[in-house]
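Listed below are the residues making up each chain.
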Amino acid sequence: MSPHRIVIAGGGAAGFFAAITCAEAAPDAEIILLEKSAQFLSKVKISGGGRCNVTHACFDARELAVRYPRGERALLAPFIRFQASDTVAWFESRGVKLKTEGDGRMFPVSDSSQTIIDCLLRAARAANVKLFLNRGVERVAKRANGGFELALSDGEKISCDRLLLATGGCRAAVAGQLAVSLGHKLEPPVPSLFTFHIATPWLRGLAGASVESVEVSVPGARLRERGALLATHWGLSGPVILRLSAWGARELHDLDYKFPLYINWLPHLNAEKIAAEFQSRRGSQPAKWIVNTPLALWSKTKGHAQYSTGRAPLPSRLWEQLVLAAGISRDTRWAALSRAAQHKLVQQLIRTEFPVTGKSLNKDEFVTCGGVRLGEVDFKTMESRICPGLHFAGELLDIDGVTGGFNFQAAWTTGWIAGRAMAARKDIHISTWPRNH
Ligand SMILES: Cc1cc2nc3c(=O)[nH]c(=O)nc-3n(C[C@H](O)[C@H](O)[C@H](O)COP(=O)(O)OP(=O)(O)OC[C@H]3O[C@@H](n4cnc5c(N)ncnc54)[C@H](O)[C@@H]3O)c2cc1C
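Residues numbered from 1 in each chain as written. Predicted model: local features only at pLDDT ≥ 70, side-chain atom pairs only at ≥ 80, totals over all residues. Heavy atoms only, no water.

**Q** I'd like a description of helix α14 (residues 406–424), backed by residues and values.
**A** With 19 residues, α14 should cover 27 Å at 1.5 Å per step; its first-to-last C-alpha distance of 27 Å lies within 8% of that length. The buried fraction of α14 is high, at 17 of 19 residues. (Helix = DSSP H or I, 4+ residues; strand = E, 2+ residues; numbered from the N terminus. Expected span 1.5 Å × (residues − 1). Buried < 20%, exposed > 50% of the residue type's maximum accessible area, 1.4 Å probe, protein only.)

**Q** So what's going on with the side chain of Q342? Which residues, and what values?
**A** Note on placement: Q342 falls in helix α13 (residues 339–350). Apart from the residues lying within four places of it in its own chain, the contact partners of Q342 are A275, F278, R282 and L337. (Contact = heavy atoms within 4.5 Å.)

**Q** Tell me about the nonpolar core, and name the residues and values.
**A** Membership of the largest hydrophobic core comes to 93 residues, with the highest contact counts inside it found for F16, F91, I116, L120, L150 and W412. Here this core takes 10 residues from α14, the largest share from any one element. The contacts of F91, once residues within four sequence positions are left out, are F17, V54, V96, I116, C119, L120 and W412. I198, V218, L244 and L261 belong to the second-largest nonpolar core, a separate cluster that totals 47 residues. (Core = buried A, V, L, I, M, F, W, Y, C linked by side-chain atoms within 4.5 Å.)

**Q** Quick one: what's the story with the site of the ligand, residue by residue and with numbers?
**A** Near the ligand you find 30 residues, and of these A14, E35, D364, E395 and F408 are the closest. Within the backbone of A13, a nitrogen or oxygen atom sits 3.1 Å from an oxygen atom of the ligand. The separation between an oxygen atom of the ligand and a polar main-chain atom of G48 is 3.0 Å. Relative to its free-state accessible area of 1000 Å², the ligand is covered by the protein chains to the extent of 92%. Breaking the shell around the ligand down by element, the ones donating at least two residues are α1 (13–25), α2 (42–50) and α14. It is α2 that contributes the most residues to the shell around the ligand, 4 residues altogether. Residue composition of the shell around the ligand, by class: 11 nonpolar, 12 polar and 7 charged. (Near = heavy atom within 4 Å. Polar contact = N/O pair within 3.5 Å; in protein donor to acceptor, adjacent residues only side chain to side chain. Areas by Shrake-Rupley, 256 points an atom, 1.4 Å probe, with all protein chains shown as cover. Nonpolar A, V, L, I, M, F, W, Y, C, P; charged D, E, K, R; others polar.)

**Q** Go over the side chain of S47 with me, naming the residues and quoting the values.
**A** Looking at where S47 falls in the secondary structure, it is placed in helix α2. A polar atom in the side chain of S47 sits 2.7 Å from the backbone oxygen of V44. With sequence-adjacent residues up to four places away left out, S47 is seen in contact with C52, N53, D364 and F408.

In structure tokens form, the structure reads like this:
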């Protein structure tokens, strides 16, 4: 029987995973991968600061799915079939061992994204995937008798039985134009995973300081996240800000990235507990300057917030600024803390307000929220519900995860499912292409 031809548009994580999966499952099929740029896997190369955060050590499909502000429901069934443990096994079976960092992010033990690129290229070549650079799909038309006719950027035309679009995020709507030309609708693209610009001078003076666990919220937007925070030269960053930006990608875009941000620096304590600690300081260290004696570390023991002494919960520079921002002068001692000043300091600790005035993309990882509408795709096969024979994988879909390896996991999973589904279908025969192959 003559080969079944499958074209994959896009030589990124999703396209490669789909191509390899498909070629390994259907060795008789002709699998062509077309990349419009001069480099395969260019995002893998720069990902995770050059180390490639391949996935996250979260090995339960349900727990994994809730890390996707867009895509949670659609990804649950796919994750039951191919989740993070399958990614780990997939790379290990091809000689790439992954390691887990303290926060759950998984990287190749080499700490080099090139290891992942080499592995994917090796696997694709071993499975006889035909790889082409500088050949983008410019236009696509459905053929009357099934399959597609593609016009390529180098002037060639080819036909195929099945087409996978894995062309990446729709940062500009034009990037989703192939899907639109085949009848699909796009959720409008907006950035996800960004950091906040805040001009408050005392905050800028704290650049480099980090706090292990704070709670950030945006009033009126029902956005609230807990986690580690980092002060930067331009405002705030760190996992908690990136998560908030992912969950709030659309709302914050609609606010033109100008909104008040509240920070609770001691989220495991309430106002009464903090006030009680101040009271005890008045008695235990009345002569000490408040700016020099940050609140002691809190810890959670058996479900109860408790103090333990000896370590500061907040960097001393930050504590000093919070005290000053509450209107308490440097030379105020604990014994002289008035009720009104105490109230202001408690409020400052549990609800510092910062005016956010803009955003910057996170340098280690950024993705686009928006893309092909999920309701238009069958997640059992990643096939279009609108255009038979057309499949989707990766960031082109309206799927995006929080930071930590979840975005690649979505690319691996959707690529794997699309690859399996395309391999299982034997449709129409087309002669081989290009002619010199
Ligand atoms: C700086 C940075 C760091 C990141 N780090 C991480 C990380 O560590 N962990 C993580 O989980 N996620 C990370 N991400 C997100 C992750 O890179 C993406 O989610 C992932 O690459 C999406 O894979 P994809 O294959 O869908 O798209 P892409 O990787 O964008 O690949 C799409 C490919 O299609 C090509 N293409 C586009 N149009 C056409 C066309 N018409 N014809 C042919 N080819 C076409 C593009 O040139 C591109 O090569 C990072 C993103 C960035 C920008």
